[in-house]
Structure formats: structure tokens, C-alpha cells
Amino acid sequence: MKNLLFTVALFLWSGLVLQAQPIAVGSKAPAFSLKNIDGSTVSLADYAGEKGLFVIFSCNPCPYVKAYEDRMIGLHQEYAPLGYPVVLINPNDPGQQPDDSFEKMKQRAAEKNYPFPYLQDIEQTVYPAYGATRTPEVFLLKNDGDGNFTVAYTGTIDDNYQDEAAVEEKFAANAVQALMAGKQPDPATTRAIGCGIKAKK
Amino acid sequence: MLFFSLLLFPISLFAEKGSGEENVKVVDFAGLEPYLKKSNDTIYVVNFWATWCAPCIKEIPYFEQLGAAYQKDKVKVLMVSLDMANQLQSRLIPFMEKEKMRNEVILLDDPRSNRWIPLVDENWSGVIPATLVYGKGFREFYQKEFTFEELDKIISSLLSN
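Quantities reported herein were computed from a predicted structural model and do not represent experimental measurements. (Residues numbered from 1 in each chain as written. Chains lettered and ligands numbered in written order. Predicted model: local features only at pLDDT ≥ 70, side-chain atom pairs only at ≥ 80, totals over all residues.)

Caption draft 1: Geometry of the overall build of chain A. Helix and strand counts for chain A stand at five helices and nine strands. Going from the N terminus to the C terminus, chain A shows its helices and strands as α-β-β-β-α-β-α-β-α-β-β-β-α-β. Since a compact globule built from 201 residues should have a radius of gyration of about 17 Å, the 18 Å found for chain A is in line with a globular shape. With the C-alpha coordinates aligned to their principal axes, the bounding extent of chain A is approximately 65 × 40 × 40 Å. The buried share of chain A, taken over its 201 residues, is 42%. For chain A, long-range pairs separated by at least 24 residues make up 72% of all intrachain contacts whose partners lie at least 6 apart in sequence. (Helix = DSSP H or I, 4+ residues; strand = E, 2+ residues; numbered from the N terminus. Rg over C-alpha atoms; globule rule 2.2 N^0.38 Å. Buried ≥ 20, exposed ≤ 12 C-beta atoms within 10 Å, placed from the backbone. Contact = placed C-beta atoms within 7 Å.)

Here it is as C-alpha cells:
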């Protein structure tokens, strides 16, 4: 009995602290309106003229972001002309991670010549709405044409962060190609190790 | 243990050569998997961490404290590092020395994380720190930061069962 009670207690306790999972594929994508590194405000609604977009939660110092940065730029260069641009959102609290200050974001974007907006989720309201837990984490959104976007794919860019040449499955690219072919991405969700998002304390 | 070392030997050839090689095994997921499903009377605490992960580093002293506190009990703390294998000598081993880590450290060098994350726990999003506690019929996966008191409570309850 003691054992059972303990297990139940532990289950409840772990249930309470269970981390958010990404928003379910097929859900309506949460709106956002955030400050870009050039001082402008970028909203999900600004993409109404596109077929969809990649929302990627990213940051400056994470080694997995650095490993994937060129591939994020590649995704944008390949798919923005086809109607699926990339937008980066930095969800980290600069108080917890000084390398993610607005100034440092500008610097990083300049160094890498980011071809896409790099937004700061300074209020930390957008990443919880998407259920993002780490950087980099990709959400591919499909424009429904009625002012709404639907989440079509969540997860990682491909199956090998270390070595682009050894990639066997380009999950994010395959997902957008499925959308362009009028199909559902398969897999629609993948997982990857990333850097935990730094929440304000 | 010798058996595993022999098994893993070909994999460790890919690791950087150096003085720390005998301290840190470098494995792919197939090499790690046996450590996640041992069935004996020991309680295993398997922490997934990396030197670049700030909340992981914060809880490392608690896992050290746990390993020391239960040294005489059938409790094994295993620290699975997700650092880049090419930074074993330049980053991981210096970090371990600085932190005076005594728990066993294994470096998991397997980039196909979409395959192995669900095999560790089907609910794991891939975020670290994450900790698997198992043994004596118990198995729980935690995607959270621990304090020493929380870890101690889990282990002492399991030992008193």
C-alpha cells in the first residue's frame, strides 16, 4: 500500500511539472506580433499572402542552433520563393541568458546575414502558446486562406545535426514538399535534442 | 563492465585520443541502451546533460551529492553527456575536472536523436536536463531540474520499499 501511495504521489507530482509538448499538428497556429531586430513589428498576419511559413524558435548561443543555422538559411532560400519563408523567434529571457539580448540578436543576424526576420519573444507569451521547449524547434504552418494558419509539422530540421552530408531524412523540407503536393507531412512530428528555453524567473 | 568495454571498444576509436579517454566512454545509442534497462536490485539514476546547458550544470552538484550520499547503497548515478564528441578533450573533460565529478560519465554521440529520444522515454520532447530513475520495479522519466532534496526523497523512498 505504501508503495502504491508513493507511486501515485510521485505520478501526481511529476504530472504537475510535466513539460509542455508542442502544439498538436492540425491545431490553429497561435497569432504573434513581435519586435524584429530592425525595430519593425512582425505578425503572423503579415504572412497572409504566403502559402505558409516556418516558425523556428532559435537563439544565439545554443550549439545546436549554430549547427543548424546554415540549414535554416538554406530552408528560407529554397522555400521562400515557393511561398514558405522562415521566421526566427528568440524565446529566451535575456535576464537568464545575456547572450540573447536584443543587441546580441542584431549582431548574430548581421554576422550570419540572416535573410529572415529575427523576432524577440520578450514577454515570453508566444513560445508557450506553441508549446516550444527548446531551440532550435521548427513549426511549419500552412495558410488556410481564411486568415488562419494550421500547424502542419513540428520538430527538427533533419536527422543529423552534426553532419549535413550524412543526413538521411530532411524532415522539415519533406514536410513543406508534402504540403506543396497537397499531402499531409509524414512524419508530422519529430524530436531532437536542443537547448532548453530559458524562462524568466 | 569489462564485457561492455570490449563491446564499445570499436566505437571509442572514433573519440579523440587523450588522457581522459579512459574516464569517458563514447557510445552511440545502441551502446547506451543496456544502461537504461538493467534488471538487478540496483536503482539507476541516469541524467542527460551537457556542458552547454545552464540548468544542467546547476544540478550537477546535486547528482554528485546523491552519488556520494548513497555510495554504500545499491544506487548508481550515471551522467550521460550530450556534448559534441569532438569537444571531449577540449571541453567535457576539463569541465569534469573543474567540477570534480565522481559519478560515471558517458558521452552519447548519436546525432539521430529523433530515433533514440522516444526509446529513452516516449514522452521526452528532447529538452535537457532530463533524468531517468529506474530499478526495483520503478521507472519514471523527469523532464525537469532537480534539487538534491527532491532526488534524495525519490531514492530514499525507493530504498525503504
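The discussion continues.
Caption draft 2: Quick peek at the environment of B:Val120. Structurally, B:Val120 can be placed in helix 5 (residues 113-120). Setting aside residues no more than four positions away along its own chain, B:Val120 makes contact with B:Leu36 and B:Leu132.

Caption draft 3: Quick look at the interface of chain A and chain B. With 23 residues of chain A at the interface, the matching set in chain B holds 21 residues. Those elements giving two or more residues to the side of chain A that touches chain B turn out to be helix 1 (2-16) and strand 9 (194-196) of chain A. Looking at the side of chain A that touches chain B element by element, the count peaks at four residues for helix 1 of chain A. The residue inventory of the side of chain A that touches chain B, partitioned by class, reads eight nonpolar, 11 polar and four charged. Here strand 9 of chain A runs beside strand 5 (residues 127-128) of chain B; their pairing, made up of two bridges, is parallel. Opposite A:Gly194, over in strand 5 of chain B, you have B:Val127 as the bridge partner. (Nonpolar A, V, L, I, M, F, W, Y, C, P; charged D, E, K, R; others polar. Pairing = 2+ DSSP bridges.)

Caption draft 4: Geometry of the packing of helix 3 (residues 54-69) of chain B against helix 6 (residues 148-160) of chain B. All names here are of chain B. The interhelical angle for the contact between helix 3 and helix 6, taken along N-to-C directions, is 35°, at an axis separation of 9 Å. Along this stretch, helix 3 crosses helix 6, giving a crossing that reads as right-handed. On helix 6, the residues touching Tyr62, Gln65, Leu66 and Ala69 of helix 3 are Phe148, Leu151, Asp152 and Ile155. A per-class count over the contact of helix 3 with helix 6 returns six nonpolar, one polar and one charged. (Axes fitted to C-alpha atoms, helices over the stretch in contact; angles between N-to-C directions. Left-handed = near helix turned anticlockwise from the far one by under 90°.)

Caption draft 5: The arrangement of the pairing of strand 1 (residues 33-36) of chain A in detail. Residues and elements named next belong to chain A. Note that strand 1 and strand 2 (residues 41-43) share three bridges and pair antiparallel. The residue of strand 2 that forms the bridge with lysine 35 is threonine 41. Alignment of strand 1 against strand 5 (residues 118-120), held across two bridges, turns out to be antiparallel. Paired with lysine 35 across the bridge in strand 5 is glutamine 120.

Caption draft 6: Representation of the sheet that holds strand 4 (residues 86-90) of chain A in the model. All names here are of chain A. An order of 2-1-5-4-3-7-8 is seen for the seven strands of this open sheet, with the pairing classed as mixed. Every interior strand has two partners, whereas the edge strands, strand 2 and strand 8 (149-155), have only one. Averaged over all neighbouring strand pairs, the angle between strand axes comes to 35°, with direction disregarded. Pairing geometry for strand 3 (residues 52-57) and strand 4, over four bridges, is parallel. Directly across from phenylalanine 54, in strand 4, lies its bridge partner valine 86.

Caption draft 7: Looking closely at the environment of B:Val127. Residue and element names in this part refer to chain B. Considering the arrangement of structural elements, one finds valine 127 in strand 5. The buried category is assigned to valine 127, around which 26 C-beta atoms lie within 10 Å. Along the backbone, valine 127 and cysteine 53 are 74 residues apart, and their C-alpha atoms lie at a distance of 9.9 Å.

Caption draft 8: Geometry of the sheet that holds strand 9 of chain A. Here three strands make up an open sheet; going across it, the order is 6(A)-9(A)-5(B) and the pairing mixed. Each edge of the open sheet is held by one strand with a lone partner, namely strand 6 (134-135) of chain A together with strand 5 of chain B. Pairing analysis gives two bridges linking strand 6 of chain A to strand 9 of chain A, with the strands arranged antiparallel. Residue pairing in the sheet places A:Arg134 in a bridge with A:Gly196 of strand 9 of chain A.

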